[in-house]
Amino acid sequence: MSVSIHENRKSRASTGSMNIYLFHKSSYADNVLTHLNLLRQQCLFTDVLLLAGNRSFPCHRAVLAACSRYFEAMFSGGLKESQANEVNFHDAVHPEVLELLLDYAYSSRVIINEENAESLLEAGDMLEFEDIRDACAEFLEKNLHPTNCLGMLLLSDAHQCTKLYELSWRMCLTNFQTICKTEDFLQLPKEFVVQLLSHEELETEDERMVYESAMNWINYDLNKRCCYLPELLQTVRLALLPAIYLMENVAMEELIIKQKKSKELVEEAIRCKLKILQNDGVVTSMCAKPRKTGHALFLLGGQTFMCDKLYLVDQKAKEIIPKADIPSPRKEFSACAIGCKVYITGGRGSENGVSKDVWVYDTLHEEWSKAAPMLVARFGHGSAELKHCLYVVGGHTAATGSLPASPSVSLKQVEQYDPATNKWTMVAPLREGVSNAAVMERSGHLSAALALHSSSCFRNPDLHHGRGY
């Protein structure tokens, strides 16, 4: 077609109204990429050779520059690579990982799995394949677990993966009792250990675990880390340790005795502990400040209406949220938490019959299960945890053959439940029967306080010493 013919056609079309038709082939970009990939595999029109390990990858500069600002800067700047025919990564990038990145550059697809996700993220960040870095971070977020959260914390920090970092950090805080016993914890850089142990929201029921974790980290490489002991001791709420442990274990630790600063920190903690024990004024020292644990508060009840739901108190939003339906609605039962499980014992059902059933709500998996039934059906009783066992105390039971149940003589019987064996055992009874008792653990013993007994109220707790519970 000559130029004049085309010009004639243009002038002819301009005399009347023009119709416009926009043609777009949606598969065009994929088709071009597919053909470029075939050209790469056949080494046609390739103009640069990437080297990694003992492998080489012929590529097109234009394709690499189009999908990576790293390569765009390399090939368009004044670096020697802009003129060289080869770019050697040596051992900075594994050849298998580089191959995956190149497959993505020429196909827009890559398979991410547990074996390659971390290496792909690192290489994607280094070579500025930002989509790959973000996709790998998202994959790792979904596969985050207490066993890998410390590694993910370091990885996400090094490569600015904000969401992965925040999720990893939260998991480290909530699973401290697990991660502090791992090799990954002992190999953490000092800055991360200090940040973790000093955190307000570190979840630990016993400050001894924080102290022992700090000492384990120091002793893992004592020669190099001994100088960090004062800094790590300041992360521990020393005045919240049991008094005997503080004075006999911590104060007598050889490493602490040898260091003036460490010894002074422990002496200050002992002074604060004594003030607390003697109720001698307000203690404001950081070593005595309780942590803000992330424990959940659940509500359920009651005595005059049938309870059919478990509620969660959202302390941040200041809301009460229905969490789960109780499988068997009841009233005048008792509830107690052991670890991450809520135990609902006894009570009266819809027909007013007394129950010996035990329902267990797992707050982690958000599901109900049934434990072994109590030995005695009861309602209006109390319950508490002591040394990882559940105790039910007092209450009422139905008189033989009596239905519906009605309050009778208060029970003296106390039952112990061991979650490890799923068995109930009768233990030493109370001196007198109680009902609607507030049962609590105190100094390694159970107390039944302010209990109703024959329409009267105990002014002093019913303490039980030396009875095996």
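Here the structure is a predicted model, which means the values were calculated and not measured.

About the cut-offs
Residues numbered from 1 in each chain as written. Predicted model: local features only at pLDDT ≥ 70, side-chain atom pairs only at ≥ 80, totals over all residues. Heavy atoms only, no water. Helix = DSSP H or I, 4+ residues; strand = E, 2+ residues; numbered from the N terminus. Buried < 20%, exposed > 50% of the residue type's maximum accessible area, 1.4 Å probe, protein only. Contact = heavy atoms within 4.5 Å. Areas by Shrake-Rupley, 256 points an atom, 1.4 Å probe, with all protein chains shown as cover. Salt bridge = Lys/Arg side-chain N within 4 Å of Asp/Glu carboxyl O. Pairing = 2+ DSSP bridges. Axes fitted to C-alpha atoms, helices over the stretch in contact; angles between N-to-C directions. Phe/Tyr/Trp six-rings, centres within 6.5 Å; stacked < 30°, edge-to-face > 60°. Lys NZ or Arg CZ within 6 Å of the ring centre and 35° of its normal. Patch = residues over 30% accessible without salt bridge, like charges linked within 9 Å, V, L, I, M, F, W, Y side chains within 5 Å. Polar contact = N/O pair within 3.5 Å; in protein donor to acceptor, adjacent residues only side chain to side chain. pLDDT = per-residue confidence, 0-100. Core = buried A, V, L, I, M, F, W, Y, C linked by side-chain atoms within 4.5 Å.

Draft legend 1. Focus on the overall build of the chain. A count of helices and strands for the chain gives 18 helices and 19 strands. Split into buried and exposed, the 469 residues of the chain put 39% on the buried side. When contacts within the chain are restricted to residue pairs at least 6 apart in sequence, those whose partners lie at least 24 apart make up 52%. In the structure as shown, the chain presents an accessible area of about 26700 Å², 52% of it carried by carbon and sulfur atoms.

Draft legend 2. Quick look at the pattern of salt bridges. Tallied over the full model, the rule gives 19 salt bridges. Where R69 meets E130, a salt bridge forms, and the shortest distance between an N and an O atom there is 2.0 Å. In this pair, R69 is assigned in helix α4 (residues 69–76) and E130 in helix α7 (residues 130–142), connecting sequence segments 61 residues apart. Relative accessible area serves as the criterion here: at 48%, R69 is assigned to the partly exposed category. A salt bridge links K258 to E254, with the shortest nitrogen-to-oxygen separation between them at 3.1 Å. Placement of the pair is K258 and E254 together in helix α17 (residues 254–258), with a separation of 4 residues, close to one helical turn. Residue K258 is classed as exposed on the basis of its relative accessible area, which comes to 62%.

Draft legend 3. View of helix α8 (residues 149–158). Taken residue by residue, α8 has C149, L150, M152, L153, L155 and S156 as its buried positions. On its buried side, α8 packs onto α6 (117–126), α7, α9 (162–174), α10 (176–179), α11 (183–186) and α12 (190–197). Just beyond α8, the residue with positive phi is Q160, at close to 55 degrees.

Draft legend 4. The arrangement of the sheet that holds strand β9 (residues 358–362) in detail. Spatial strand order, β7-β8-β9-β10: 4 strands in an open sheet with antiparallel pairing. With partners counted over all chains shown, the strands left at the sheet margins are β7 (334–338) and β10 (367–371), one partner each. In this sheet, adjacent strand axes meet at a mean angle of 25 degrees when their direction is disregarded. In this structure, β9 lies alongside β10, joined through 5 bridges in antiparallel fashion. Across the sheet, the residue bridging to V358 is A371, located in β10.

Draft legend 5. View of the packing of aromatic side chains. For the structure shown, the criterion picks out 11 aromatic pairs. Arranged with centres 5.4 Å apart and planes meeting at 90 degrees, the rings of Y70 and F71 form a pair that is edge-to-face. By the ring-pair criterion, three or more aromatic residues cluster together here, those being Y70, F71, F75 and F89. R40 extends its terminal NZ or CZ atom over the ring of Y106, reaching a point 4.6 Å from the ring centre. It is R208 that lies over the ring of Y245; its NZ or CZ is 5.7 Å from the centre.

Draft legend 6. Expanded view of the sheet that holds strand β1 (residues 48–52). Here we have 3 strands laid out as an open sheet, ordered β2-β1-β3, and mixed in their pairing. Pairing within the sheet leaves two strands with one partner each, and these edge strands are β2 (55–59) and β3 (86–88). Going across the sheet, the axis of each strand differs from the next one's by a mean of 20 degrees, ignoring polarity. As paired elements, β1 and β3 share 3 bridges and run parallel to each other. Note that in β3 the partner of L49 across the bridge is E86. In this fold helix α5 (residues 95–107) packs onto β1 and β2, with an angle of close to 15 degrees to the strand it touches most, β2.

Draft legend 7. Quick look at a nonpolar patch on the surface. Among the surface-exposed residues, L297, L299, Y311 and I320 lie close enough to one another that they form a single nonpolar patch of about 340 Å² accessible area. Note on placement: Y311 falls in strand β5 (residues 307–314).

Draft legend 8. Quick look at the pairing of strand β15 (residues 438–442). Judged from the 5 bridges that link them, β15 and strand β16 (residues 445–449) form a sheet pairing that is antiparallel. Within β16, the position partnered with R442 by the bridge is H445.

Draft legend 9. Summary view of the side chain of H381. Here H381 is to be found in the loop between β10 and β11 (382–386). Overall, H381 belongs to the buried group, its relative accessible area being 5%. A polar contact is formed between the side chain of H381 and the side chain of T345, at a distance of 3.0 Å. Other than its neighbours up to four places away in sequence, H381 contacts E332, F333, S334, T345, G346, G347, V392, V393, G394 and G395.

Draft legend 10. Quick peek at unusual backbone geometry. Not every positive phi belongs to a glycine, and C43 is a case in point at roughly 55 degrees. Tracing the chain through its elements places C43 in the loop between α2 (28–41) and β1. The phi torsion at H388 lies on the positive side, around 70 degrees, for a residue other than glycine. Tracing the backbone through its elements, the reader meets H388 in the loop between β11 and β12 (389–393).

Draft legend 11. Structural context of the confidence of the model for the chain. In this model, the chain carries an average pLDDT of 86, and 88% of its residues clear a pLDDT of 70 or more. The low-confidence segment residues 401–405, where pLDDT is below 50, has 8 contacts with residues more than four positions distant or belonging to other chains. The low-confidence segment residues 451–469, where pLDDT is below 50, has 51 contacts with residues more than four positions distant or belonging to other chains.

Draft legend 12. Summary view of the nonpolar core. Ranked by size, the top nonpolar core spans 79 residues in total, and within it L50 and F185 carry the most contacts. The contacts of F185, once residues within four sequence positions are left out, are L150, F176, I179, C180, V193, L196, L197, S213 and W217.

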